[in-house]
Amino acid sequence: MSFLLIPLKLSLYLNKQGNETEGKFTLRFLGIPLFSRKIPEDKTDEKEKKEEKAEKKDKFSLERILKILKLFKESLPYIYGLMTSIYNAVTIEKFSVNMNLGMESPADTALFTGYIWSFTYPLNALTRIDVNINPDFQRRVLDGNFQMDVNIRLIGIVVEAIKAYTKKPVRELIKEVRQ
């Protein structure tokens, strides 16, 4: 059970230049990669997923959606405890955005860039974020890099998940959603 005290580390890196997007997602425990994916995935995987979705029929009717919403309302107090523990367990280590932004008119580019700057600089005082927006007044463009590293402490999440699962409305909600 002591392994729950050691945080998981999630890393996400995305890079977009023109029409090309590439990136990598990694999940590490004790510095050992447990799960790693390149973005975008291979085209063969996408074809298999589309075939599986085509085979699986839509099972959601209006009655079933209303039943799920009713069960969600009943289990909300227990789910709220779980969501609070998830919020408290997540620590952002690094959040970095470097983006070139250009819109159709230079005025729109300046206005939109100003809005982004006005939101990010106050956030920088509160958290560890690094947002660099470079306006391009000559052309329409959206290119850049995004990098995020997050630590997750599992002990609180596991405890709250067990507490929530012991409640009948939560179990019924999970059962209904899985059908």
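This text follows the structure it describes.
In this text, all values refer to a predicted model and were calculated from it rather than measured experimentally. Every chain is numbered on its own, with residues counted from 1 as its sequence reads. Only residues with pLDDT of at least 70 get local features here, since the model is predicted, and only at 80 or more are side-chain atom pairs given and counted; chain-wide, interface and lining totals rely on the full set of residues. Side-chain figures throughout are based on the complete set of non-hydrogen atoms in the structure, without hydrogens or water.

1. Focus: a nonpolar patch on the surface
Inclusion rule: What goes into a patch is any residue over 30% in relative accessible area without a salt bridge, connected to like charges within 9 Å or, for nonpolar side chains (Val, Leu, Ile, Met, Phe, Trp, Tyr), within 5 Å. Residue exposure ignores everything except the shown protein chains as possible cover, and the areas themselves are Shrake-Rupley values with a 1.4 Å probe. Throughout this description, the term salt bridge denotes a Lys or Arg side-chain nitrogen within 4 Å of a carboxyl oxygen of Asp or Glu. Numbering of helices and strands runs from the N terminus, with a helix taken as a DSSP run of H or I at least four residues long and a strand as a DSSP run of E at least two residues long.
Together, Leu 30, Ile 32, Leu 34 and Phe 35 make up an exposed nonpolar region whose accessible area comes to about 400 Å². Relative to the elements of secondary structure, Ile 32 occurs in strand β3 (residues 32-39).

2. So, the packing of aromatic side chains
Our working definition: Whether two aromatic rings pair depends on their centres lying within 6.5 Å, for rings of Phe, Tyr and Trp, where Trp uses its six-membered ring; planes under 30 degrees apart make the pair stacked, over 60 edge-to-face, and the rest tilted. Per-residue accessibility, obtained with a 1.4 Å probe over protein chains only, is compared with the maximum for each type, and a residue is labelled buried under 20%, exposed over 50%, and partly exposed between these values.
As enumerated under the stated definition, the model contains 2 aromatic pairs in all. Seen in terms of ring centroids, Phe 95 and Phe 146 are 5.3 Å apart; in terms of plane orientation they differ by 80 degrees. Their pairing is edge-to-face. Pair noted here: Phe 95 is in strand β4 (residues 90-102) and Phe 146 is in strand β6 (residues 141-152), with a separation of 51 residues, a long-range link. Residue Phe 95 is classed as partly exposed on the basis of its relative accessible area of 23%.

3. A short note on the environment of Lys 94
To be explicit about the condition: Whether two residues touch is decided by their heavy atoms; if any such pair falls within 4.5 Å, the residues are in contact.
When you line up the elements, Lys 94 lands in strand β4. The exposure class assigned to Lys 94 is partly exposed, which follows from its relative accessible area of 36%. The residues touching Lys 94, leaving out its near neighbours within four places in the chain, are Arg 128, Gln 147, Met 148 and Asp 149.

4. Section: the sheet that holds β4
What counts here: Any two strands are treated as partners once DSSP identifies two or more bridges connecting them. Throughout, an axis means a line fitted to C-alpha atoms (over the contacting stretch in the case of helices), and angles, computed between N-to-C directions, take values from 0 to 180 degrees.
Judged by pairing direction, the sheet is mixed, and its 6 strands sit side by side in the order β3-β2-β1-β6-β4-β5 without closing on themselves. Each edge of the open sheet is held by one strand with a lone partner, namely β3 and β5 (129-135). Shown here is a sheet whose adjacent strand axes are inclined to one another by a mean of 5 degrees, direction ignored. As judged from the 7 bridges shared by strand β2 (residues 20-29) and β3, these two strands associate in the antiparallel manner. Across the sheet, Thr 26 pairs through a bridge with Ser 36, a residue of β3. Each of β4 and β6 touches helix α2 (residues 62-89); the most contacted strand, β4, lies at about 75 degrees to it.

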